[in-house]
Amino acid sequence: MDFNQSNLNVFAGLCAVDVPEHVDMMMRALQDSGEVCTRMGAYKPRTNPYSFQGHGKGCLPWVFEKAGKHGIKVIAMEITHESHIEEIDTCLERLGRPTGVMLQVGTRNTQNFELLKAIGRQSEYPVLLKRGFGITLNESLNAAEYLASEGNANVIFCLRGMKTEAGQPHRNMVDFAHVPAVKRLTRMPVCVDPSHSVGSRDRAPDGILDVMHATAQGVIAGANMVLVDFHPKPERALVDGPQALLMNELPAYLEDIRLCHDTWTKRQAIYQRLQGEPPE
Ligand code: PEP
Ligand code: MN
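Residues numbered from 1 in each chain as written. Chains lettered and ligands numbered in written order. Predicted model: local features only at pLDDT ≥ 70, side-chain atom pairs only at ≥ 80, totals over all residues. Heavy atoms only, no water.

Some details on the coordination of the manganese ion (ligand 2)
Cut-off, in case you're wondering: The rule for donors is simple: an N, O or S atom within 2.8 Å of the metal counts, and for Na, K and Ca the reach is 3.2 Å. Water is not among the atoms, so a site may look short of donors. Numbered from the N terminus, helices here are DSSP runs of H or I no shorter than four residues, and strands are runs of E no shorter than two. The buried label applies to any residue whose accessible area, calculated with a 1.4 Å probe on protein chains only, is under 20% of its type's maximum; exposed applies above 50%, and partly exposed to all values in between.
Donor atoms from the polypeptide that bind the manganese ion (ligand 2) are C15 (SG), H196 (NE2) and D240 (OD), placed at 1.9 to 2.4 Å. Sequence spacing of the donor residues for the manganese ion (ligand 2), all on one chain, is C-x180-H-x43-D. A residue pair is termed long-range when its members are at least 10 positions apart, and C15 in the loop between β1 (9-13) and α1 (20-32) and D240 in the loop between β8 (225-229) and α9 (250-276) qualify at 225 residues. Just as C15 is buried, D240 falls in that class too.

Description of helix α3 (residues 83-94)
At 3.6 residues per turn, the α-helix brings residues three or four places apart onto the same side. So the rule is basically this: In this scheme, a helix's expected span is set at 1.5 Å multiplied by one less than its residue total. Arc, as used here, means the arc of the directions from the helix axis to the C-beta atoms. The criterion used for residue contact is that any of the two residues' heavy atoms lie within 4.5 Å.
The terminal C-alpha atoms of α3 lie 17 Å apart, and with 12 residues this matches the ideal 16 Å at 1.5 Å per residue to within 8%. Within the sequence span of α3, burial applies to H84, I85, I88, C91 and L92. Each buried residue of α3 lies within a common arc of 145 degrees when the element is viewed along its axis, so the set occupies one face. Opposite the buried face of α3, by more than 90 degrees, sit the exposed residues E86 and R94. On its buried face, α3 is in contact with α2 (60-69), β3 (74-78), β4 (100-105) and α4 (113-120). Just beyond α3, the residue with positive phi is G96, at close to 80 degrees.

Considerations on the nonpolar core
Generally speaking, soluble globular proteins have nonpolar side chains that are buried together. Stated formally: Within this scheme, the nonpolar core is defined by two criteria: the residues are buried Ala, Val, Leu, Ile, Met, Phe, Trp, Tyr or Cys, and they are joined through side-chain atoms within 4.5 Å.
One finds M40, F64, I88, I119, L129 and F230 to be the most contacted residues of the largest nonpolar core, which totals 67 residues. Those residues in contact with F230 that sit more than four places away from it in its chain are A12, G13, L14, M26, A244, L245, L246, M247, E249, L250 and Y253. The next biggest cluster of nonpolar side chains, apart from the first, holds 12 residues, and it includes C37, L128, C158 and C191.

Some words on the site of ligand 1
The cut-off we apply is this: A single heavy atom is enough: if one lies within 4 Å of a molecule or strand, its residue is considered near that molecule or strand. We call two N or O atoms a polar contact when they sit within 3.5 Å, provided that within protein one can donate a hydrogen and the other can accept it, with sequence-adjacent residues counted only if both atoms are side-chain atoms. Surface accessibility in these figures is a Shrake-Rupley result with a 1.4 Å probe; residues are shielded only by whichever protein chains are displayed. Under the convention adopted here, Pro, Cys and the residues Ala, Val, Leu, Ile, Met, Phe, Trp and Tyr are nonpolar, Asp, Glu, Lys and Arg are charged, and Gly plus all remaining residues are polar.
Contacts to ligand 1 come from C15, R39, K44, E78, Q104, G106, T107, R108, K130, R160, D193 and H196. Measuring from an oxygen atom of ligand 1, one finds a side-chain N or O atom of Q104 at 2.9 Å. One of the side-chain N or O atoms of H196 is found 3.5 Å from an oxygen atom in ligand 1. Taken by itself ligand 1 offers 300 Å² of open surface, and the protein chains cover 97% of this. Here the residues of the shell around ligand 1 are counted per class, giving 1 nonpolar, 4 polar and 7 charged.

Some remarks on unusual backbone geometry
Cis peptide bonds are those with omega within 30 degrees of zero, and the linkage from Q168 to P169 qualifies with 15 degrees. Within the secondary structure, P169 sits in the loop between β6 (155-159) and α6 (179-185). The backbone of R97 shows a phi angle near 50 degrees, a positive value even though the residue is not glycine. Even without glycine at this site, D240 takes up a positive phi of about 55 degrees.

Honestly, it's all geometry; don't read function into it.
Structure (structure tokens):
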């Protein structure tokens, strides 16, 4: 897999691993659409300690086996403690590495410096670093520097919206206008997470969900990765069901993303022509 500032990879999947049947349905839908990446959380950082915390290492063997069976090459999986790196690594090794993992640092851990250092010390797994929800962009970019300074520069930076009442009716204030800014300030590929930014299945009068509109905004501005929640039965999801897209929406959504990525390519050509023109 190649991750850079020019291409685009889609990581559609479950917010959290729940039951084997849903994981299978998700991965089969991805395989049918020719997708080889997904997102699936085993370790979930929850605001409320009584909320479902994720299945943890217990689900790793069957999730990785199913991924291998469906041709999934990379799973974006959040880790909340450095011990999770070894749990993932040991399990993958024991199974003969049927799939790969991208270690995700959640927005609540963007400034968990010891976690960042531990993840930075390994270079087996690439990293998806979420922007901190309530800190400056520069502070989040410094978090990426922690990973790089320890030795892992294989980092993708993810915009996921900022926490502020001003973001309502969205869960977070969508910050995808920062896609080109991050690409200018760093060499990192930039990911957008429209699910955790928008946080609902609200639909605009044009018939398009806000999540899809936000995705389009990020991709048309040059985003290199989309991290997005899907679920075959959102009403039975253990985490973030209300913001999940549905299996039957996957093909159209992927078509929309491809259209936006192609449009971004064409937009570059328009402005490159302009740069070639002599000043008036
Ligand atoms: C997630 O992607 O599942 C997640 C918890 O996102 P964030 O850290 O951006 O809230
Ligand atoms: Mn979530």
